[in-house]
Amino acid sequence: MVGYDEQSILRKLATPDTRREAFSDLVKQYSEPLYWKIRRIVLTHENTDDILQNTFIKAWNNISEFRQQSKLSTWLYRIAINESLDFVRKNKNISSISVEEGVSLSSQLLADAYFDGDYTQALLQEAITILPDVQRLVFNLRYFDGMKYSEISKILATSEGALKASYHLAVKKITDFFRERD
């Protein structure tokens, strides 16, 4: 979407006559980045689509509650992350892909038609799934999205120091995972 202006979108969202159009613009702007944030948490395309839809439904139902204390994108990312974590907790399976006996998660990812990575990227995703929730989130947001600790701090509502420690631990665990594979 060319010329996205958050303040303009917020004004349109506040006006009943332009709310639907503005929300449609919001969906166009954030569908892809939210999709990939969710996908890195739950891994499967089908679950990601469902969670993305739930994220936008929740945003639509609560848009009047948005207080503009943060960016709209931060608010949406927080909803998406919370929806993703709720999904993972409900399914009690950290990766949301049931690993069949004798078949590694990386092999299953490579067989997934929606996964467009190579073997190393599949192994990285497998390594990420062994991380605790917070470390996995921090790693994904920092490594894949290139977010600053200050941005992640707003999304996850935690200190930058704690985030740096989580990222460092995540990198160490991932490095150890790859060393064990050698």
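Definitions and limits used
- Residues numbered from 1 in each chain as written.
- Predicted model: local features only at pLDDT ≥ 70, side-chain atom pairs only at ≥ 80, totals over all residues.
- Heavy atoms only, no water.
- UniProt positions renumbered as here; feature names shortened; annotations may be inferred.
- Helix = DSSP H or I, 4+ residues; strand = E, 2+ residues; numbered from the N terminus.
- Buried < 20%, exposed > 50% of the residue type's maximum accessible area, 1.4 Å probe, protein only.
- Contact = heavy atoms within 4.5 Å.
- Areas by Shrake-Rupley, 256 points an atom, 1.4 Å probe, with all protein chains shown as cover.
- Phe/Tyr/Trp six-rings, centres within 6.5 Å; stacked < 30°, edge-to-face > 60°.
- Lys NZ or Arg CZ within 6 Å of the ring centre and 35° of its normal.
- Salt bridge = Lys/Arg side-chain N within 4 Å of Asp/Glu carboxyl O.

- An unreviewed UniProt entry annotates the chain as RNA polymerase sigma factor originating from Hoylesella saccharolytica F0055.
- In UniProt, the chain has this text filed under Sequence similarities (unreviewed entry): "Belongs to the sigma-70 factor family. ECF subfamily."

**Quick notes on the overall build of the chain**
For step 1, the next point in the chain: A tally of helices and strands in the chain yields nine helices and zero strands.
For step 2, the next point in the chain: Counting helices and strands in the order they occur from the N terminus, the chain gives α-α-α-α-α-α-α-α-α.
For step 3, the next point in the chain: Relative to its full complement of 182 residues, the chain shows a buried share of 43%.
For step 4, the next point in the chain: Contacts in the chain between residues far apart in sequence, at least 24 positions, make up 59% of those at least 6 positions apart.
For step 5, the next point in the chain: With the model as given, the accessible surface of the chain reaches about 10300 Å², and the carbon-plus-sulfur share is 48%.

**Digging into the environment of R39**
For step 1, the next point in the chain: Along the chain, R39 falls in helix α2 (residues 19–42).
For step 2, the next point in the chain: The spacing of R39 and I51 is twelve residues in sequence and 9.2 Å in space, taken between C-alpha atoms.

**Digging into the packing of aromatic side chains**
For step 1, the next point in the chain: Under the defined criterion, the tally for this structure stands at eleven aromatic pairs.
For step 2, the next point in the chain: Aromatic pair F23 and F56: ring centres 6.3 Å apart, planes at 90°, arrangement edge-to-face. Of the two residues, F23 sits in helix α2 while F56 sits in helix α3 (residues 45–62), which places them 33 residues apart along the sequence. Like F56, F23 is buried.
For step 3, the next point in the chain: Seen from their ring centres, F139 and Y143 are 4.9 Å apart, and the 15° between their planes marks the pair as stacked. Note that F139 and Y143 are positioned in helix α7 (residues 133–144) at a spacing of four residues, about one turn of the helix.
For step 4, the next point in the chain: We note K37 situated over the ring of Y77; from NZ or CZ to the ring centre the distance is 4.4 Å.

**Topic: unusual backbone geometry**
Note on backbone geometry: most residues besides glycine have negative phi, and most peptide bonds are trans.
For step 1, the next point in the chain: A positive phi angle is found at A157, which is not glycine, with a value near 55°.
For step 2, the next point in the chain: Accessibility expressed as a relative area gives 53% for A157, which makes it exposed.

**Focus: the pattern of salt bridges**
For step 1, the next point in the chain: The final tally for this structure, using the stated rule, is eight salt bridges.
For step 2, the next point in the chain: Across the pair R179 and D176 runs a salt bridge whose closest N-O atoms are separated by 3.7 Å. Taken together, the positions of R179 and D176, both in helix α9 (residues 160–181) and three residues apart, correspond to about one turn of that helix.
For step 3, the next point in the chain: Classification of D176 by relative accessible area gives partly exposed; the value is 27%.

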